[in-house]
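Below are the chains, spelled out letter by letter.
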Amino acid sequence: MQEIPNKALTGSVAWTCPSNIALIKYWGKREVQIPKNPSLSMTLREARTSTGIRFSYDPASDAPKLRFRFEGRESPVFEKRIKTYIKGMESLVPVLKFCSLEIDSENTFPHSAGIASSASALGALALCLVQLEAHILGQPDPERFWQKASCMARLGSGSASRSIFPGFSLWGRSDSWEGSSDEFAIPVQNYHDTFKNLRDYILIVESGEKPVSSSAGHKLMDSNRFAGPRFDQAHSNLILLLSALKEGDWESFISIVEEEALSLHAMMMTSQPGYILMQPGTLSILHKIRSFRKETNHRLCFTLDAGANVHLLCADADAEVVEAFIRSDILRYCENGRVIVDRMGQGPYKPGGQ
Ligand code: DP6
């Protein structure tokens with residue numbers, strides 16, 4: 001183990017990390033944050049969290065302090081969660097035991113939009129903590145840096161592990177993909193140009209809090225009678241999707257991505273107790289997307305998160321016509337006509353290029 005330096009030191013670190021949308025869904029886990037099946041996601045560009053930490057490292061101090069502010073305001077609820085998370089990270093980043101931290105965080109997307117912020121928030125926080133360690137102990141090699149950030153993000157929220165990489169990311173062990181791991185995500189670089197810059201229109205059907213949290217949903221998979229076949233399905237869909245991405249095969253891409261979305265919700269409905277997160281507007285949008293695709297042959301499809309909102313994915317080249325379709329046929333199902341326009345992104349970065 002690396003030696004802890006005995007000289008006090010202050011400094012600051014900052015990272016901006018995007019959110020991601022899963023195409024192959026992670027749903028079901030075991031201790032500690034190990035997924036029951038591999039998942040694959042697209043990292044977004046516009047939905048991001050920026051986090052900055054001012055730290056003061058003092059190996060003589062035995063009572064480091066932590067202060068957290070979200071969007072400029074004290075936030076006791078978040079602060080408590082972050083304290084617990086950082087305490088849990090001390091075994092991986094031992095210098096944290098001697099660091100007082102002032103953390104400031106903000107999102108580019110409205111907190112109340114009903115889109116999950118845990119992936120970008122935990123991604124940004126984990127990157128800051130690994131950077132802070134590098135500041136004190138010296139920079140690890142780049143591969144180690146990203147792997148550790150992804151691993152620590154995963155321990156905060158499983159899907160956050162994937163936000164650390166640009167384009168497409170894969171998290172979870174699959175025999176079909178060398179280097180894949182349950183501990184951290186890896187980037188998937190081998191994909192066709194047709195999927196570059198994929199668009200994601202996040203159609204906000206409902207922005208309120210979900211009646212069943214993702215954590216509770218994962219837990220219910222422990223007793224879901226369809227869990228075994230579902231995990232097998234995710235494994236085989238991953239292989240099919242990786243091949244579709246490589247070959248530029250839109251037809252397979254669409255059928256796998258929509259099947260994954262519907263299977264995720266089927267798992268919720270068949271849990272004990274079962275629950276439904278889709279709303280009437282969600283279903284109307286799914287039907288509209290399928291009819292429009294059938295009529296026009298444009299390359300678009302839907303996916304769903306653990307909620308009522310719909311992610312409409314489409315090829316970069318089809319964006320203009322899809323936007324016109326959203327305006328004419330979809331906006332009426334969105335809460336206050338709300339849509340978040342996003343697309344594939346290039347991964348986390350240091351704000352201001354520091
Ligand atoms: C449906 O990553 O939010 O979005 O690990 O408990 O934080 P925790 O769960 P979380 O679950 C995400 C579930 C999902 C699918 C996915 O992103 O793969």
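Residues numbered from 1 in each chain as written. Predicted model: local features only at pLDDT ≥ 70, side-chain atom pairs only at ≥ 80, totals over all residues. Heavy atoms only, no water.

A separate point is helix α8 (residues 319-330). Restricting attention to buried positions, one finds in α8 the residues Ala-319, Val-322, Phe-325, Ile-326 and Ile-330. Taken end-on, α8 shows its buried residues confined to a sector of 115 degrees, consistent with a single buried face. Relative to its buried face, α8 has exposed residues pointing more than 90 degrees away, namely Glu-320 and Arg-327. Its buried side turned inward, α8 meets β10 (199-203), α7 (280-296), β11 (300-304), β12 (310-314) and β13 (339-343). (Buried < 20%, exposed > 50% of the residue type's maximum accessible area, 1.4 Å probe, protein only. Helix = DSSP H or I, 4+ residues; strand = E, 2+ residues; numbered from the N terminus. Arc of directions from axis to C-beta. Contact = heavy atoms within 4.5 Å.)

Let us now look at helix α3 (residues 142-156). In this model α3 runs 22 Å from its N-terminal to its C-terminal C-alpha over 15 residues, within 8% of the 21 Å that 1.5 Å per residue would give. For α3, the secondary structure elements touched by its buried residues are β1 (9-24), β3 (34-35), α1 (76-89), α2 (118-137), β8 (168-171) and β9 (185-188). Between the side-chain oxygen at the start of α3 and the backbone nitrogen of Glu-143 there is a gap of 3.2 Å, and the oxygen is on Asp-141. (Expected span 1.5 Å × (residues − 1). Polar contact = N/O pair within 3.5 Å; in protein donor to acceptor, adjacent residues only side chain to side chain.)

It is worth spelling out the sheet that holds β13 at this point. Within the open sheet, the 4 strands sit side by side as β11-β12-β10-β13. Their pairing is antiparallel. Each edge of the open sheet carries a strand with a single partner, namely β11 and β13. The sheet shows a mean angle of 25 degrees between the axes of neighbouring strands, direction not considered. Relative to β12, β11 is paired through 5 bridges, and the arrangement is antiparallel. The residue of β12 that forms the bridge with Thr-303 is His-311. Along the sheet, helix α6 (residues 250-269) makes contact with β11 and β12, crossing β11 at roughly 25 degrees. (Pairing = 2+ DSSP bridges. Axes fitted to C-alpha atoms, helices over the stretch in contact; angles between N-to-C directions.)

Treat this as a map of the structure, not an account of what it does.
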